[in-house]
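# Examining the three-dimensional arrangement
Here are the chains, one letter per residue:
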Amino acid sequence: MNLGRSIRINKCGVVILGLLFMCILYYLWSSNSVNGATYAFSKNPNEINLRKLLIGSIQAAQHGGFEVVAVSKSRDLHEQSKGKTKEGANNPVTDADYRSNCVMKNGLLRIFPKLKVISEEDDRQEQCADVQLFDLDPTVLPESVTVPDERVNIDEVDVWIDPLDATQEFTERLHEYVTTMVCVAVKGVPTIGIIHNPFTMKTTWAWRDKALSESLVNLKHDADVKHPTIIVSRSHAGAVKEQSKQIFGENAQVITAGGAGFKVLQVIQNNATAYLHTTHIKKWDICAGDAILGAIGGRMSDLHNENIVYHRDTPALNPNGLLAAALSSTHEAYVKRIMESKRFVR
């Protein structure tokens, strides 16, 4: 028997097997893309793609906002108190805080399982039961905006989320102040920031030195520091108003608002020249705004003129207040006045 002639290769079968193999590879790739996994085909499983993280972070802020709006339509917000702030104001929490946290934190971790996410709220499983998570959707970035691919070591990345900024105002139905925020810090530096207003559906985002949302591209800011408009928190406006006039002059205008995210947006949108906060504040309240201001040429610092570090190994509390301006020159001029006065610097 000639064994060489007993083995025949069916060319049609080889083609079919090849096509089947290609289909399997395509399925695995597309499944990976849809579910947002960033590691399966990476040469280094400890790297994370910051472009994909930007996309996921925008989606997290927006989907958290859906939960906030949904709860706002209910009769009972299930408001509770977490105690008093240092200024003596009530520090409330609602179902909206918890449900937004569920979708934002769990949605990011489902896409990026190794990601370090630091949130204002802890997960409460009863609020998470029927929350709809999201898949990575590149269409959240408009075609007119060019966003590069960049990979960094995932251990260098910390994500700070605020699932509902301005909860007190939310309970008062002052929805213009309410935002959901995500901030990506790389080596402690605020690098990507997203501030989303759920009730207007406006999302402002920036990636430092890389890309800006369309609303930020053509903004221009006045370098005149002689006519300050200082925006401060509603919860401790009285003393700050008086002291601001003593520092910045009698012609200084002081306006009040709720929510750190909202106040940063007012500075960005030229409705205020600076945002001043004189007491301690949590980093998830300010990280996104810090990142956006840095991306447009502004600056946020504490009242000692030190950069705020957003690293997982640092305290979540920033104890030394903050000054934020959309131009670094404005920030420099104002912080100099504050430090010379020594009114807010302890």
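Residues numbered from 1 in each chain as written. Predicted model: local features only at pLDDT ≥ 70, side-chain atom pairs only at ≥ 80, totals over all residues. Heavy atoms only, no water.

Once that is clear, we can look at the UniProt feature "binding site: Mg(2+)" (unreviewed entry) in the protein chain. Per the UniProt record, the feature "binding site: Mg(2+)" (unreviewed entry) sits at Glu120, Asp162, Leu164, Asp165 and Asp285. Spanning 166 residues, the named residues nonetheless gather at one spot, since no C-alpha pair among them exceeds 9.6 Å. Checked against the element boundaries, Leu164 lands in strand β6 (residues 157–165). On the accessibility criterion, Leu164 (2% relative accessible area) is buried. Setting aside residues up to four positions removed in sequence, Leu164 forms contacts with Val68, Thr94, Ala96, Asp97, Glu120, Phe170, Val178 and Thr179. (UniProt positions renumbered as here; feature names shortened; annotations may be inferred. Helix = DSSP H or I, 4+ residues; strand = E, 2+ residues; numbered from the N terminus. Buried < 20%, exposed > 50% of the residue type's maximum accessible area, 1.4 Å probe, protein only. Contact = heavy atoms within 4.5 Å.)

Enumeration over the complete set of coordinates arrives at seven salt bridges. Measuring nitrogen to oxygen at the nearest pair gives 2.9 Å for the salt bridge that ties Asp130 to Arg99. Residue Asp130 is found in the loop between α5 (125–128) and β5 (151–153), and its partner Arg99 is found in helix α4 (residues 95–111); the two are separated by 31 residues along the sequence. Taking relative accessible area as the criterion, Arg99 reaches 17% and is therefore assigned buried. With its nearest N and O atoms 2.5 Å apart, the salt bridge here joins Arg312 to Asp158. (Salt bridge = Lys/Arg side-chain N within 4 Å of Asp/Glu carboxyl O.)

Over its 17 residues, α4 runs 24 Å from end to end, which matches the ideal 24 Å to within 8%, given 1.5 Å per residue. A large share of α4 lies buried, amounting to 14 of its 17 residues. Regarding α4, its N-cap is Thr94, as a side-chain oxygen of that residue lies 3.1 Å from the backbone nitrogen of Ala96 further along. (Expected span 1.5 Å × (residues − 1). Polar contact = N/O pair within 3.5 Å; in protein donor to acceptor, adjacent residues only side chain to side chain.)

On inspection of all chains with the given rule, the structure shows four aromatic pairs. When the ring of Trp160 is compared with that of Trp284, the centres are 6.5 Å apart and the planes differ by 40 degrees; the resulting orientation is tilted. Of this pair, Trp160 sits in strand β6 while Trp284 sits in helix α10 (residues 283–295), and the two are 124 residues apart along the sequence. On the basis of relative accessible area, Trp284 is assigned to the buried category, the value being 10%. Ring-pair connections join several aromatic residues into one group, and the members of that group are Trp160, Trp284 and Tyr310. (Phe/Tyr/Trp six-rings, centres within 6.5 Å; stacked < 30°, edge-to-face > 60°.)

This part is about the pairing of β6. Within β6, nine of the nine residues are buried, leaving the element largely enclosed by the surrounding structure. With four bridges connecting them, strand β4 (residues 116–119) and β6 associate as parallel partners. Looking across to β6, one finds that Val117 is bridged to Val159. Sheet topology note: the β6/strand β7 (residues 179–186) ladder contains seven bridges and is antiparallel. Of the residues in β7, the one forming a bridge with Asp165 is Thr179. (Pairing = 2+ DSSP bridges.)

Attention now goes to the nonpolar core. Counting residues in hydrophobic clusters, the biggest one holds 36 residues, and the most contacted among them are Leu53, Leu54, Leu115, Val157, Val159 and Trp205. Among the elements of the structure, α3 (50–72), α4, β6, β7, β8 (189–197) and β9 (202–207) are those that each provide at least two residues to this core. Ranked by residue count, the leading element in this core is α3, at seven residues. Ignoring anything within four residues of it in the chain, the contact list for Val159 reads Leu53, Leu108, Leu115, Lys116, Val117, Ile118, Val182, Cys183 and Val184. Core analysis: the second largest hydrophobic core is formed by 35 residues, Leu216, Ala257, Ile308 and Tyr310 among them. (Core = buried A, V, L, I, M, F, W, Y, C linked by side-chain atoms within 4.5 Å.)

A few words now on the packing of helix α9 (residues 260–268) against α10. Closest axis-to-axis distance for the α9/α10 pair is 8 Å, and the angle between their directions is 15 degrees. With respect to their mutual orientation, α9 and α10 come out roughly parallel. As α9 runs across α10, the sense of the crossing is right-handed. From α9, Ala260, Gly261, Val264, Val267 and Ile268 reach across to α10, where they touch Asp285, Ile286, Gly289, Ile292 and Leu293. (Axes fitted to C-alpha atoms, helices over the stretch in contact; angles between N-to-C directions. Parallel < 35°, antiparallel > 145°, perpendicular 65-115°, else oblique. Left-handed = near helix turned anticlockwise from the far one by under 90°.)

Next up on the list: the state of the cysteines. Here the structure, examined in full by the defined rule, presents two disulfides. Residue Cys102 pairs covalently with Cys128 via a disulfide, S to S 1.9 Å. Across the S-S bond of Cys102 and Cys128 the torsion is about -75 degrees, and the bridge reads as left-handed. Placement of the pair is Cys102 in helix α4 and Cys128 in helix α5, with a sequence separation of 26 residues. For Cys102, a relative accessible area of 1% corresponds to the buried category. Here Cys183 engages in a disulfide with Cys287; their sulfurs sit 2.1 Å apart. Negative torsions about the S-S bond denote left-handed disulfides, and the value of about -45 degrees found for Cys183 with Cys287 makes this one left-handed. Taken together, the residues Cys183 in strand β7 and Cys287 in helix α10 connect sequence positions 104 residues apart. Of the two residues, Cys183 and Cys287, neither departs from the other in class, the shared state being buried. Once the disulfide-bonded cysteines of the protein chain are ranked by sequence position, their pairing pattern turns out to be 1-2, 3-4. (Disulfide = S-S within 2.5 Å.)

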